[in-house]
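Descriptive structure summary
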Amino acid sequence: MIQFQDLHKAFDGKQVLTGFTLDVKDGETLVIIGYSGSGKSVALKHVVGLLHPDAGDVTVDSRAVSTLDRTRLAALRREIGFVFQFAALFDSLTVADNVRLGLERRDLPADEIAERVHEALALVDLTGTDGRFPAELSGGMRKRVGIARAIALRPRYMLYDEPTTGLDPVTSAVMDRLMVRTREHLGVTGVVVTHDMRSAYTVGDRIAMLYEGRVRQVGTVEEIQHTEDPVVRQFIEGRPS
Amino acid sequence: MIAQVGRSAVAGIKAVGRFGQFVSDMVRALPDVATWGRLTLVQMRRVGVDSLPVALFIAAFTGVVLALQASYTFTGTVPLYFVGTLVGKTMMLELGPVLAGLALAGRVGASMAAELGTMRVTEQVDALETLAYDPQSYLVVPRVLAGTAMFPVIVALAILTGILTGWLASLVLLDLSTQEFIKGLKLFYRFKDTWFGLFKSATFGFTITLVGCIVGLGTRGGAEGVGRSTMQAVVYSAVLLLVLDAFWAMVLLR
């Protein structure tokens, strides 16, 4: 279980998170929606210790992330797959090497690493791209490699940072299908950060809206779709103010 | 005014603190040989082999110019075989290490800052961390070790090249015989001339690569930030290299 507990974070004096509190239950996929710059990605990066909170904390299975030493933080990170907004693939490595990189950190036999790379690329429909470099791939393919890199680790948690941003509608739907498939295949708990409502409705069990640094509303997809909160309503309908 | 001075002082103290933290993190990553061992060999090739042409090119022309300037200065008053002395001493003690160092500050320092800066702004460094790698082990230690190990090799070859072209220029352009050039070369030679230049170049390699890594990993703000980091890496490296040069002269040559 992932718990955001009264999380506060500011950058250069600007408050981004002001008491963000949210529980992600085991086995569910929770989608965090919100305006650009509202702090969704900031919240997500606290889960893997990429950012340090000014106050409050994130706990993963009762482990307070900001208090973990390097060894225990590395152990926690081995349980979490993180898919970055622009994939964050290593330019100098091939697709297969990108997927293999995290596995090489886990003392696995070479044949198991090769098998997992093959399996992960197959799961994201990228079989046969092993030897290609990230620069030779489309944006959608790069994001799929990012997912393959994360799922090859067989994590307990998957974190997706804006997985459909910058993609055309068809490729976005492919990404949504992949996220659903990943959950079904691996049974992982997921957190998806997005402002793509179609994607949120497709992949989410519950949706939380982050607004002015804290949760404005959290509920099932149906509850959010029928919300009477004017701020949430305006956002999900995409109406300008 | 007072507030401005205060802010500058705080910023300076923070920068020193960040530098100390960075170096301490790098030292802490040293036992992780499994990660940096293989990568260091790759970096040694990039820093060493790939930088050799520019270093040798500069040294070759420096050797020729030194021989001609020595002859021009000595004419009529100092025996011409001192051309060998001046070419040898100057290449070993100063121009070999410093000119190669400045050239490599541009080539190696800038490319490291640009590469790591790009990795920082495209979240590749964050991705490394989420894959349970320490960026110090994976990115910094291999580069700094490669720079420290390969700079003396490059500088040694640059010194040899400079002396060789100085000798050729003396033969062809100054009517100096090989025996005379070698006599001059040996005249005031001490073993310290050799190790001083090579030791100094190792410290240059350490500094240039460390600055490239610190500036690169501290990059903020997209393409503009990468450009700024690249420029800063070259400027900081060049300034530190000249300060170090003066420091080692004061400490080791007095």
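Each value, and the rule that gives it
- Residues numbered from 1 in each chain as written.
- Chains lettered and ligands numbered in written order.
- Predicted model: local features only at pLDDT ≥ 70, side-chain atom pairs only at ≥ 80, totals over all residues.
- Helix = DSSP H or I, 4+ residues; strand = E, 2+ residues; numbered from the N terminus.
- Buried ≥ 20, exposed ≤ 12 C-beta atoms within 10 Å, placed from the backbone.
- Contact = placed C-beta atoms within 7 Å.
- Pairing = 2+ DSSP bridges.
- Axes fitted to C-alpha atoms, helices over the stretch in contact; angles between N-to-C directions.
- Left-handed = near helix turned anticlockwise from the far one by under 90°.
- Nonpolar A, V, L, I, M, F, W, Y, C, P; charged D, E, K, R; others polar.
- Parallel < 35°, antiparallel > 145°, perpendicular 65-115°, else oblique.
- Core = buried A, V, L, I, M, F, W, Y, C linked by C-beta atoms within 7 Å.

What about the overall build of chain B?
Helix and strand content of chain B: 9 helices and 0 strands. For chain B, the sequential pattern of α-helices and β-strands runs α-α-α-α-α-α-α-α-α. For the C-alpha atoms alone, the extent of chain B along its principal axes is close to 65 × 50 × 30 Å. Within the span of chain B, comprising 254 residues, buried residues form 46% of the whole. Considering only residue pairs separated by 6 or more positions, chain B has 88% of its internal contacts joining residues 24 or more positions apart.

Topic: the sheet that holds strand 10 (residues 214-220) of chain A
All names here are of chain A. Reading across from one edge, 6-7-8-3-9-10 is the order of the 6 strands in this open sheet, with mixed pairing throughout. Strand pairing shows two members of the sheet lacking a second neighbour, strand 6 (80-83) and strand 10, which therefore form its edges. Each neighbouring strand pair of the sheet contributes to a mean axis angle of 15 degrees, computed without reference to strand direction. Summarising the sheet, strand 3 (residues 29-33) and strand 8 (residues 189-194) pair through 5 bridges and their orientation is parallel. Bridged to T29 within strand 8 is G190.

Quick notes on the packing of helix 4 (residues 82-121) of chain B against helix 6 (residues 135-173) of chain B
Residues and elements named next belong to chain B. It is at 8 Å that the axes of helix 4 and helix 6 come closest, and there the two elements cross at 145 degrees. The interaxial crossing formed by helix 4 with helix 6 has right-handed handedness. A per-class count over the contact of helix 4 with helix 6 returns 18 nonpolar, 6 polar and 1 charged.

Description of the packing of helix 8 (residues 191-217) of chain B against helix 9 (residues 222-252) of chain B
Residues and elements named next belong to chain B. Direction vectors running N to C along helix 8 and helix 9 enclose 150 degrees, while the axes themselves pass 9 Å from each other. Our classification of the angle between helix 8 and helix 9 gives roughly antiparallel. In terms of crossing hand, the pair formed by helix 8 and helix 9 is right-handed. Residue-level inspection shows F196, K200, T203, F204, T207, I208, V211, G212, V215 and G216 of helix 8 in contact with helix 9, the latter providing S229, Q232, A233, Y236, S237, L240, L241, L244, D245, W248 and L252. Grouping the amino acids of the contact of helix 8 with helix 9 by side-chain chemistry returns 12 nonpolar, 7 polar and 2 charged.

Side note on the sheet that holds strand 4 (residues 55-60) of chain A
All names here are of chain A. Taken in spatial order, the 4 strands line up as 2-1-4-5 in an open sheet, and their pairing is antiparallel. Looking along the sheet, the strands with just one partner apiece sit at the ends: strand 2 (14-24) and strand 5 (63-64). By the bridge criterion, 2 bridges tie strand 4 to strand 5 in an arrangement that is antiparallel. Pairing of V60 across the sheet is with R63, part of strand 5. Packed on one face of the sheet, helix 1 (residues 40-47) meets strand 1 (2-11), strand 2 and strand 4 and runs near 120 degrees to strand 1.

Looking at the interface of chain B and chain A
A common measure of how large an interface is: the accessible area buried when the components associate. Taken residue by residue, the interface counts 10 residues in chain B and 14 residues in chain A. For the side of chain B that touches chain A, the class distribution of residues is 4 nonpolar, 3 polar and 3 charged.

Things to note about the nonpolar core
One finds I32, A43, V47, V99, A148 and L159 of chain A together with C213 of chain B to be the most contacted residues of the largest nonpolar core, which totals 126 residues. A148 of chain A has contacts with V99, A120, L121, L123, V124 and L126 of chain A, leaving out every residue within four places of it along the chain.

Quick word on unusual backbone geometry
Positive phi is not limited to glycine here, since S62 of chain A has a value of about 70 degrees. Within the element layout of this structure, S62 of chain A appears in the loop between strand 4 and strand 5. With a phi close to 70 degrees, A132 of chain B is a non-glycine residue in the positive phi region. Mapped onto the elements, A132 of chain B comes out in the loop between helix 5 (124-130) and helix 6.

Brief notes about the pairing of strand 1 of chain A
Residues and elements named next belong to chain A. Bridging between strand 1 and strand 2 involves 8 bridges; their strand directions are antiparallel. Within strand 2, the residue paired with F11 across the bridge is K14. Remark: 2 residues form the turn of the hairpin made by strand 1 and strand 2, two consecutive strands paired antiparallel; D12 in that turn has positive phi of roughly 50 degrees.

Side note on the environment of V48 of chain A
With respect to the helices, strands and loops of the structure, V48 of chain A is situated in the loop between helix 1 and strand 4. We classify V48 of chain A as buried; it has 23 C-beta atoms within 10 Å. Expressed as a C-alpha distance, the spacing of V48 of chain A and R142 of chain A, which sit 94 residues apart in the sequence, is 22 Å. Discounting chain neighbours no more than four positions away, the residues touching V48 of chain A are R77, I80 and F82 of chain A together with T130 of chain B.

Points about the pairing of strand 7 (residues 157-161) of chain A
Residue and element names in this part refer to chain A. Extensive coverage of strand 7 is indicated by the burial of 5 of its 5 residues. By the alternation rule, side chains of strand 7 split into Y157, L159 and D161 and M158 and Y160, which are all buried. Summarising the sheet, strand 6 and strand 7 pair through 4 bridges and their orientation is parallel. Paired with G81 across the two strands is M158, which belongs to strand 7.

These figures capture arrangement, not role.
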